[in-house]
Structures are given as C-alpha cells and as structure tokens.
Amino acid sequence: MEVIIKVNSQSIGRDKLARLVQYTSRLIWHQLEIRNANKYSVDRIKNLEITFSSFRKILRLGRCIDVCYTALNSMHIEDPFLRLTITISKITHALFLYADHIVWLTRSGFLKTDSDGWNRTANKFWLLSIIANLARDFYEILHLLDLHKSTLLKPTDLINISTKHEFFTTARYLYTFVNCHKDVFIDTLKNSCDLFIPLTALGFTKFSPSAVGALGAMSSIAALVTLVKPITKLVPA
C-alpha cells in the first residue's frame, strides 16, 4: 500500500500507472478479439484504453515547457556524448509533448487542425527521443564493459564453457554484473520496449495490438520501478 501511495502522490507516477492500464487494456481487448469474445466486452476494454489515454494527455498538459526547461540543465553535463544525447532526447520529447497537446486539443474540439497529421508528427518526435535514449544506454553499457573487461568472459569463452560448474559460475557473475548496474539495464529495457510503439504507429513495423500492449506494459513497469526505487534510475537524466 505504501508503494501505491508513493507512486500515486506524484503526477508522473499517476501517468505511469495510467499508462500501464492503457497498454494492458490494449493487450486484453486484442486477445479477446482473437478469441471471438463478446463484442460488448471487447468494446468496454477498448473504451477503457481510450479513457486512460485521454487522461494521460490531460495529465501531461503543459509538461512540454517543463521538459524543454530541463534541457537547459543537460547542456552543462561534462561528458560530450551524454550532453548531446540527453539534450536531444529532452528537446525531441518536449516537441513530442507539444504535438500531443495539439492532438488532444483538436480531438476535444478546441482546435481545428489535422489531428492525424499531428499524431504522426508526435510519434516521429517520440521515436527520435527514444533513439537518443538508446544511444545513451549503449554508450553506458560499452563504458561498463570496458571497466569490467578484465573479469568478463569473451563470447568465444562463453561458447567453450565445458562444465556445468563453469556455466553456473559464469551465469552467477553475469547476474551480479547486471544486478550491480540495474539503472543501465532497466533504462535499456524500457527504451527497447518503447522503440517499437512509435515504429508501429508510423508503419515501419507491423506489430499486433497485443504485442504493442505487452511492450507498453513492460516499459511502464520498468518506469514504475525507477519511481519506487530511485537508486535504479539512470543519472544524469
């Protein structure tokens, strides 16, 4: 209960909880549709997804300004690659939120614009933000591998493991390695899952609603973990 209260007390926490419900709903209604379930039940779950999607758009209203402002702070990061990727990520994320605001205002009847065109623009900016985040993640992973190169086994050594004892020793070490750097691997998992959502929305990949729902739910859980346990959040962010 304390965890739920902690997450729900933050606007970003409520957004991630709503996101989890939104994408889980997509997974459920598509699975029901595949199994020829009652149309009324499928429509109810679809409406639940739409409701939480709209709720998140309202919850994020105006956040493009906050994100754009935080991009100014990232320009002072010493590492040039981190400075570049984090700044690009924040600027493109701010533009994604701005385009998303336009989509919501259009669909609510406040503006008269091409909502589909703005929705496509929003997904393009979201995709660029995720790519910048993944570039940063892989940079962090390469840095960690370089730090541990004297103790990590090479791929050829992994193939040549001959005994069960060597296998379990290696597996235990890899588990310890990942466990000690949860922040990097959780962030990589989250961004890897998110990557295919805008790619599918833009037509570059053909993932089913079930797959998109599952990826979105996994990404949301990873984001919630970083809220519950701040030590797992990758910094600088």
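The following refers to the structure shown. (Residues numbered from 1 in each chain as written. Predicted model: local features only at pLDDT ≥ 70, side-chain atom pairs only at ≥ 80, totals over all residues. Heavy atoms only, no water.)

## Points about unusual backbone geometry
Of note, the amide linkage connecting Val-235 to Pro-236 takes the cis form, showing an omega dihedral of -5°. Within the secondary structure, Pro-236 sits in the segment after α10 (209-228). You will see that Asn-36, though not glycine, has its phi angle at about 55°, which is positive. Summarising the element assignment, Asn-36 is placed in the loop between α2 (11-34) and α3 (39-59). The exposure class assigned to Asn-36 is exposed, which follows from its relative accessible area of 69%. (Helix = DSSP H or I, 4+ residues; strand = E, 2+ residues; numbered from the N terminus. Buried < 20%, exposed > 50% of the residue type's maximum accessible area, 1.4 Å probe, protein only.)

## A few points about the packing of α2 against α3
Here α2 crosses α3 at 155°, and the two axes come no closer than 8 Å. The angle between α2 and α3 falls in the class roughly antiparallel. The handedness of the crossing between α2 and α3 is left-handed. (Axes fitted to C-alpha atoms, helices over the stretch in contact; angles between N-to-C directions. Parallel < 35°, antiparallel > 145°, perpendicular 65-115°, else oblique. Left-handed = near helix turned anticlockwise from the far one by under 90°.)

## Details of the nonpolar core
Core analysis: the biggest nonpolar cluster contains 17 residues, and Trp-126 and Leu-195 have the highest contact counts within it. Listing elements by their share of this core, those giving two or more residues are α4 (63-74), α5 (80-107), α6 (115-147) and α9 (182-201). The element best represented in this core is α6, accounting for five residues. With sequence-adjacent residues up to four places away left out, Leu-195 is seen in contact with Leu-127, Ile-130, Ile-131 and Leu-134. Ranked by size, the runner-up nonpolar core spans five residues in total, among them Ile-141, Leu-144, Val-184 and Leu-234. (Core = buried A, V, L, I, M, F, W, Y, C linked by side-chain atoms within 4.5 Å. Contact = heavy atoms within 4.5 Å.)

## As for a nonpolar patch on the surface
The grouping of Tyr-69, Leu-72, Met-75, Ile-91 and Leu-95 at the surface amounts to a nonpolar patch, some 480 Å² of accessible area in total. Elements supplying a minimum of two residues to the nonpolar patch: α4 and α5. If you trace the backbone, Tyr-69 turns up in helix α4. (Patch = residues over 30% accessible without salt bridge, like charges linked within 9 Å, V, L, I, M, F, W, Y side chains within 5 Å. Areas by Shrake-Rupley, 256 points an atom, 1.4 Å probe, with all protein chains shown as cover. Salt bridge = Lys/Arg side-chain N within 4 Å of Asp/Glu carboxyl O.)

## Remarks on the environment of Ile-197
Locating Ile-197 in the fold gives a position in helix α9. Overall, Ile-197 belongs to the buried group, its relative accessible area being 6%. C-alpha of Ile-197 to C-alpha of Gly-216: the two residues are 19 residues apart in sequence and 7.4 Å apart in space. For Ile-197, the contacting residues outside a window of four places in its chain are Arg-19, Tyr-23, Trp-126, Val-212 and Gly-216.

None of the figures reported here should be taken as evidence of function without further support.
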